[in-house]
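# Examining the three-dimensional arrangement
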Amino acid sequence: MVEEPGLTPPFDRLPFIDEHMSHVSAPAEAVWAVLTRTVQTRLRIRAPMARLLGSEPSRASGTLPEPGSAVPGWTVADAVAGHRLVLTGRHRFSRYALIFVLADAPGGSTLRVRTLAEFPGPGGRIYRTLVIGSGGHRRVVGGLVRSLATKAASPSAASR
């Protein structure tokens, strides 16, 4: 189990799944801006899938990235602008957290994304095999990290 600031029970005791890290040739503030837009547009679970999985939260609420705000499948558990965003959620096969940590670094910043999750019961074990065991999660989160880094470093990101 991994202790991470900003997590609240029961998410503070979720097992570690993986971590992705990238150097971004843009300041942490630019990465933050792209990250918060991405949560609103790309990370939400689509309504039919949310219903099928029994996702909580099932609807958008609040103003992202304020703690307590949500998009389907994810609640903002903690947010420190430009530094950390903790998203949590659950559905009938899993409880999970996605933790984004930004830090200034020479020539830009670093972006670290950590996944914590548990998969209770027989359905959870099957779901874990399909999502984690297949390598699908690794590819999706790795692609997300690369996309965030590329968008944040683009000249148009600075003007947004």
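Look above for the structure.
Quick summary incoming for the structure in this document. Keep in mind it's a predicted model, so treat the numbers as computed, not measured. (Residues numbered from 1 in each chain as written. Predicted model: local features only at pLDDT ≥ 70, side-chain atom pairs only at ≥ 80, totals over all residues. Heavy atoms only, no water.)

### Regarding the sheet that holds strand β6 (residues 108-118)
In space, the 6 strands of this open sheet follow the order β1-β6-β5-β4-β3-β2, with antiparallel pairing throughout. Both edges of this open sheet fall to β1 (16-24) and β2 (70-71), since each of them pairs with a single strand only. Note that strand β4 (residues 84-91) and strand β5 (residues 94-105) share 8 bridges and pair antiparallel. Looking across to β5, one finds that R90 is bridged to R95. Docked against the sheet, helix α1 (residues 28-43) engages β1, β2, β3 (74-80), β4, β5 and β6, running at close to 155° with respect to β5. The strands that helix α4 (residues 136-153) touches are β1, β5 and β6; relative to β1, the one it contacts most, it runs at about 20°. (Pairing = 2+ DSSP bridges. Helix = DSSP H or I, 4+ residues; strand = E, 2+ residues; numbered from the N terminus. Contact = heavy atoms within 4.5 Å. Axes fitted to C-alpha atoms, helices over the stretch in contact; angles between N-to-C directions.)

### A few points about the packing of α1 against α4
At a minimum axis distance of 9 Å, the contact between α1 and α4 shows a crossing angle of 130°. Judged on the interaxial angle alone, α4 and α1 are oblique. Note on packing geometry: the crossing formed by α1 with α4 is right-handed. Between α1 and α4, the contacting residues are A30, V31, V34, L35, T38, R42 and L43 on the first element and G143, L144, S147, L148, K151 and A152 on the second. (Parallel < 35°, antiparallel > 145°, perpendicular 65-115°, else oblique. Left-handed = near helix turned anticlockwise from the far one by under 90°.)

### Some details on the layout of surface pockets
Taken as a whole, the largest pocket spans an internal volume of roughly 670 Å³. In this structure, the largest pocket is lined by 25 residues; those nearest its centre are W74, Y127, V131, H137 and V140. Those elements that provide at least two residues to the lining of the largest pocket are α1, α2 (47-53), β5, β6, α3 (121-133) and α4. Here the lining of the largest pocket gets 5 residues from one element, more than from any other, and that element is α4. (1 Å grid on protein atoms, 1.4 Å probe; cavity = no way out; pocket = protein on both sides within 12 Å on 5 of 7 lines; lining within 4 Å. Points joined across faces, edges and corners; volume = space filled by probe spheres on them.)

### With respect to the packing of aromatic side chains
The tally for this structure, following the rule as stated, stands at 3 aromatic pairs. Considering the side-chain rings of W74 and Y96, the 5.0 Å spacing of their centres and the 70° angle between planes classify their relative orientation as edge-to-face. Taken together, the residues W74 in strand β3 and Y96 in strand β5 connect sequence positions 22 residues apart. As far as the burial class goes, W74 and Y96 line up, both buried. Ring-pair connections join several aromatic residues into one group, and the members of that group are F93, F119 and Y127. (Phe/Tyr/Trp six-rings, centres within 6.5 Å; stacked < 30°, edge-to-face > 60°. Buried < 20%, exposed > 50% of the residue type's maximum accessible area, 1.4 Å probe, protein only.)

### Some points on unusual backbone geometry
With an omega of 5°, the peptide bond running from E56 to P57 counts as cis. Examined against the element boundaries, P57 turns out to sit in the loop between α2 and β2.

### Brief notes about the side chain of R114
Within the secondary structure, R114 is located in strand β6. Taking relative accessible area as the criterion, R114 reaches 14% and is therefore assigned buried. A distance of 2.9 Å separates the side chain of R114 from the side chain of E19, its partner in a polar contact. (Polar contact = N/O pair within 3.5 Å; in protein donor to acceptor, adjacent residues only side chain to side chain.)

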